[in-house]
Amino acid sequence: MPNLRTYTTEAVILRTSPIGEADRLLTLLTPKLGKIRATARGARKITSKLGGHLDILTRSTLTLNKGLTLDTITSAEMVETFITLKNNLTAVSHAIYMAELADAFNPLDSPSETSYSLLLSGLRALEGESDPEMVLRFLELRSLQISGFSPELMHCVECSERILPAHHFFSPSSGGVLCSSCKPTLPYLIPLSVDALKVLRYFSTNSLAASLKIQAKPSLKKELATLLGSTLRYVLERELRSSTFVRLMDHKNTQANELAVARTSS
């Protein structure tokens, strides 16, 4: 008879932390089992065969033994290392943010193949030459959609009238767009440009590959980051730890790009 206490799954390692002198506690995102936590005994020893197969942001095939509280990883084989991504400070900072985003939106033991595929597509996009800011904005919006917190982009959340191209407002607490005719007494409203609304609508119905063809100016990227960042903070009731560093990296990259354009034009 098969050993029902042992199972195999592929997973992306979202987070690791040390336990004791040589063990690791890992948070994993899997396609069939959802998010799980497991231990890897002796994984921090130099002689461990698990070693790099359990590095953060690595996709591996794992064999685990079921435990009373935590399952134990007994073998691991890496499938995708994303080494190009990990060797780029900007890309790896964005990838860590994506892992934290997946961790925040996926409760334990709640399978979501869509969430798993979304994370993998984001990591693979960062491995290429995709705009990391736009990759993150896409993943933020889709994470909200998958989790049932999709912002309303087609109708006013106050009067339910269809939103036509114009300058409107966005309310994280009300969950979407407010038309320019409504005068709600809400504590926090964000101006919403026509271009930002168009991009959000496009993200909501198109693939990541198609969405990354959009050429966004720095001002539009900043607006999208503000809109989605505010929504995430409202939904999660906290700020993701890695978001500050990501904003710093994006700001430095924007400055570097503007300087390069200025030198080319002079």
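That block above? That's the structure.
Report on the accompanying structure.

### A word on the overall build of the protein chain
- The helix and strand inventory of the protein chain stands at eight helices and eight strands.
- Of all 266 residues assigned to the protein chain, the portion counted as buried reaches 45%.
- Considering only residue pairs separated by 6 or more positions, the protein chain has 60% of its internal contacts joining residues 24 or more positions apart.
- Per element, the accessible surface of the protein chain, about 14,200 Å² overall, is 54% carbon and sulfur.
- If the 30 positive side-chain charges of the protein chain are averaged to one point and the 25 negative ones to another, these points end up 2 Å apart.

### Remarks on the environment of L139
- By secondary structure assignment, the location of L139 is in helix 4 (residues 132-146).
- The buried category is assigned to L139, whose relative accessible area is 2%.
- Considering only alpha carbons, one finds L139 and L208, 69 residues apart in sequence, at a separation of 8.5 Å.

### So, the nonpolar core
- One finds L85, M98, L119 and L123 to be the most contacted residues of the largest nonpolar core, which totals 54 residues.
- Elements supplying a minimum of two residues to this core: strand 1 (6-19), helix 2 (89-105), helix 3 (113-127), helix 4, strand 7 (176-178), strand 8 (190-192), helix 5 (194-205) and helix 7 (218-236).
- Top element by residues in this core is helix 2. It accounts for nine residues.
- Setting aside its immediate chain neighbours within four residues, L119 contacts V12, L14, L29, M98, A99 and A102.
- If you look at the next biggest cluster of nonpolar residues, it comprises 15 residues, including L26, L64, I73 and A76.

### Examining the environment of A38
- On the secondary structure map, A38 appears in strand 3 (residues 34-40).
- For the pair formed by A38 and K66, sequence separation is 28 residues and the distance between their alpha carbons is 9.2 Å.
- If we ignore the near neighbours within four places in the chain, the residues touching A38 are R24, L25, L26, L28, L64, L70, D71 and I73.

### Some points on a nonpolar patch on the surface
- Residues L89, F245 and L248 make up a contiguous nonpolar surface patch of roughly 270 Å² in combined accessible area.
- You can see F245 is positioned in helix 8 (residues 243-265).

### Section: the state of the cysteines
- Summed over the entire model, instances satisfying the criterion amount to zero disulfides.
- Free of any disulfide, C159 has its nearest cysteine sulfur in C182, 3.7 Å distant.
- Residue C159 is classed as partly exposed on the basis of its relative accessible area of 31%.
- Take C179: it sits in no disulfide, and the sulfur closest to it among the cysteines is that of C182, at 3.5 Å.

### What to know about the packing of helix 5 against helix 7
- Between helix 5 and helix 7, whose axes approach to 10 Å, the crossing angle comes to 65°. For the crossing formed where helix 5 meets helix 7, the hand is right-handed. Every residue of helix 7 that contacts helix 5 at D195, A196, V199 and L200 is listed here: L220, E223, L224, L227 and L228.

### As for the sheet that holds strand 8
- A sheet is described by the order of its strands in space; here three strands give the open sequence 7-6-8, paired in antiparallel fashion. The open sheet has two free edges, formed respectively by strand 7 and strand 8, since each of these has just one partner strand. The mean inter-strand angle of the sheet, taken between neighbouring strand axes irrespective of direction, is 40°.
- Here strand 6 (residues 168-171) runs beside strand 8; their pairing, made up of three bridges, is antiparallel. Bridge pairing in strand 8 places F169 opposite P191.
- Packing against the sheet, helix 7 makes contact with strand 6 and strand 8, and its axis sits at approximately 130° to strand 8.

Conventions adopted
- Residues numbered from 1 in each chain as written.
- Predicted model: local features only at pLDDT ≥ 70, side-chain atom pairs only at ≥ 80, totals over all residues.
- Heavy atoms only, no water.
- Helix = DSSP H or I, 4+ residues; strand = E, 2+ residues; numbered from the N terminus.
- Buried < 20%, exposed > 50% of the residue type's maximum accessible area, 1.4 Å probe, protein only.
- Contact = heavy atoms within 4.5 Å.
- Areas by Shrake-Rupley, 256 points an atom, 1.4 Å probe, with all protein chains shown as cover.
- Lys, Arg positive; Asp, Glu negative; His and termini not counted.
- Charge placed at Lys NZ, Arg CZ, Asp CG, Glu CD.
- Core = buried A, V, L, I, M, F, W, Y, C linked by side-chain atoms within 4.5 Å.
- Patch = residues over 30% accessible without salt bridge, like charges linked within 9 Å, V, L, I, M, F, W, Y side chains within 5 Å.
- Salt bridge = Lys/Arg side-chain N within 4 Å of Asp/Glu carboxyl O.
- Disulfide = S-S within 2.5 Å.
- Axes fitted to C-alpha atoms, helices over the stretch in contact; angles between N-to-C directions.
- Left-handed = near helix turned anticlockwise from the far one by under 90°.
- Pairing = 2+ DSSP bridges.

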